[in-house]
Amino acid sequence: MKTKIKNRFFTHPLLMLVALILAFIIWLVVTNVSDYKISKTIRDLPVSQENGDAILKSGKVYNVTDGETTSIIVKGPRSVVENLSANDFIATADLSKLSVTNTAEIKVTAVDSKVTGQISIDVVDSMMSLSIENQAEASLPVKVYTTGEVADGYALGTPSTTPNIVTVRGPESVLDTITEVRAVVDVSNLTSQYVMKTSLSCTDAYGVAVDKVNVTLSVTDVTVTIPVYPLKEVPVEVSTIGKPADGYDVRSINYNPETIEVAGDEETLAKIKSIKINNVDISGATETVEQNVQLASFLPEGAYLADSNSVIAISVDIEKQVDRKFTLALNDVSMVNQSTKYDYELSFEKGSEITVTGFADIINRMVAEDLAAHVDVSKLEPGEHRMDLEFKDSDDYKVTSDVKVKITVSEKKDEE
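Residues numbered from 1 in each chain as written. Predicted model: local features only at pLDDT ≥ 70, side-chain atom pairs only at ≥ 80, totals over all residues. Heavy atoms only, no water.

Some points on a negative patch on the surface
There is a patch of like negative charges on the surface, built from Asp-66, Glu-68, Asp-125 and Asp-211. Position of Glu-68 relative to the elements: it lies in the loop between β2 (60-66) and β3 (69-77). (Patch = residues over 30% accessible without salt bridge, like charges linked within 9 Å, V, L, I, M, F, W, Y side chains within 5 Å. Areas by Shrake-Rupley, 256 points an atom, 1.4 Å probe, with all protein chains shown as cover. Salt bridge = Lys/Arg side-chain N within 4 Å of Asp/Glu carboxyl O. Lys, Arg positive; Asp, Glu negative; His and termini not counted. Charge placed at Lys NZ, Arg CZ, Asp CG, Glu CD. Helix = DSSP H or I, 4+ residues; strand = E, 2+ residues; numbered from the N terminus.)

Structure representation (structure tokens):
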């Protein structure tokens, strides 16, 4: 009896239909429980611009003021949504369909078309905003900046670029901020001329890079030539022109630095023995004359300063001079280059007083012997001779009066 009931259950059409429906319901419930719907927010999705040429062809340029990235909310089965990222979507804005407020709708689609039918996408930031203005252009010189240091004993020459001027085009508001086009080159450990291609960047007055979106350059890179020269240390020599006021003279000339490093090719450096500064004017001066001189203007052609900003500080001490009188004694005068064949006798012809002009602190502590008064008798023959006394050369004083002496020369007598 039980067997008949069991067989009737599995063969009864209505019961089988009910069982099938129940199985489907159970499967549906299990499926929904394990793969329920979720939502996920994806941020910073880049938005690409389409048909921007439509604006450029009208002679205008544009900048994106808002909407370069967007966020989306994705809804769908957990098994699909939880593995999605920004890389699985494409966001675009068609710039040929701008509104009157210069905005374009941002549309987002899934990369994989199979995913599209399983999810819904809500764009959070749905509009891209533009600023549209006239295009402008400017011609700017290329300025070279270097990083690093050349090898010891070498210095950089003046860099040059080809081309040396580029044309910059872009929105008026952006071009107004661009003050310089830069080429940056690394010169670390160089010992000879360096030539390379490098890209260009635009900077503002503060040296901050300007975003080159919708800004174009007539060339994208330039050829930079960096001369590198050996160094040579040479002395500096300073001289003056003109004369101080009457009664004054140059006490000393002081300057710093006393040596500088010069760069150039070997042939040029071999010819440089010193750097002569010869235009310090002291005409009519009664006190110290001070000048700061740019050394670059005194270099020969083909030579460069290791430090392009080298300045020499010069101080010329001008001091008043005083007079002092000295009375010479005969033993203060020497006769030099005497012959062994002759006898010599010296006498003052019209007195022995002399005047010495110089700086007070020096001549006030002098004695007559310091003047080293002398007369050269090497060319004198027997007889009487009248000659001027000579004195030791000095930068600190000078003898301003003449003293004449009489020299009597006679043959030596033979001795028994």
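There is more to say after this.
Re the nonpolar core
Counting 26 residues, the largest nonpolar core has Ile-354, Leu-371, Leu-389 and Ile-407 as its most contacted members. Within the residue set of this core, elements represented by two or more residues are β24 (342-348), β25 (353-358), α8 (360-363) and β29 (404-411). Sequence-distant contacts of Leu-389, defined by excluding residues within four places in its chain, comprise Leu-328, Val-333, Phe-348, Ala-373, His-374, Val-403 and Val-405. Membership of the second largest hydrophobic core comes to 24 residues, among which are Val-280, Val-289, Val-293 and Leu-295. (Core = buried A, V, L, I, M, F, W, Y, C linked by side-chain atoms within 4.5 Å. Buried < 20%, exposed > 50% of the residue type's maximum accessible area, 1.4 Å probe, protein only. Contact = heavy atoms within 4.5 Å.)

A word on the environment of Thr-288
Take Thr-288: it is sitting in the loop between β18 (275-281) and β19 (289-294). Classification of Thr-288 by relative accessible area gives partly exposed; the value is 37%. The sequence separation of Thr-288 and Val-250 amounts to 38 residues, and the corresponding C-alpha distance is 8.9 Å. Filtering out sequence-adjacent residues up to four positions away, Thr-288 remains in contact with Ser-315, Val-316, Asp-317 and Ile-318.

Describing the sheet that holds strand β27 (residues 383-388)
Strand order in the open sheet made by the three strands is β24-β29-β27, with antiparallel pairing throughout. Two strands close off the open sheet at either side, each with one partner strand: β24 and β27. Here the average twist between neighbouring strands, direction ignored, is 25°. Where β27 meets β29, six bridges bridge the pair, whose relative direction is antiparallel. Its bridge partner lying in β29, Arg-386 is registered against Lys-406. (Pairing = 2+ DSSP bridges. Axes fitted to C-alpha atoms, helices over the stretch in contact; angles between N-to-C directions.)

Description of the packing of aromatic side chains
Applying the stated rule across the entire model yields two aromatic pairs. Ring centres of Tyr-229 and Tyr-304 lie 5.2 Å apart, and the angle between their planes is 10°; on these two criteria the pair is classed as stacked. Taken together, the positions of Tyr-229 in strand β15 (residues 228-241) and Tyr-304 in strand β20 (residues 303-305) put the pair 75 residues apart, joining distant regions of the chain. Residue Tyr-229 is classed as buried on the basis of its relative accessible area, which comes to 17%. Overall, the relative accessible area of 30% leaves Tyr-304 in the partly exposed class. Between Tyr-342 and Tyr-344, the aromatic rings sit 6.4 Å apart at their centres with planes inclined by 85°, giving edge-to-face as the arrangement. The class for Tyr-342 is buried, based on a relative accessible area of 9%. Sitting above the plane of the Tyr-145 ring, Arg-182 keeps its charged end 4.1 Å from the centroid. (Phe/Tyr/Trp six-rings, centres within 6.5 Å; stacked < 30°, edge-to-face > 60°. Lys NZ or Arg CZ within 6 Å of the ring centre and 35° of its normal.)

That's the geometry; what it means functionally is another story.
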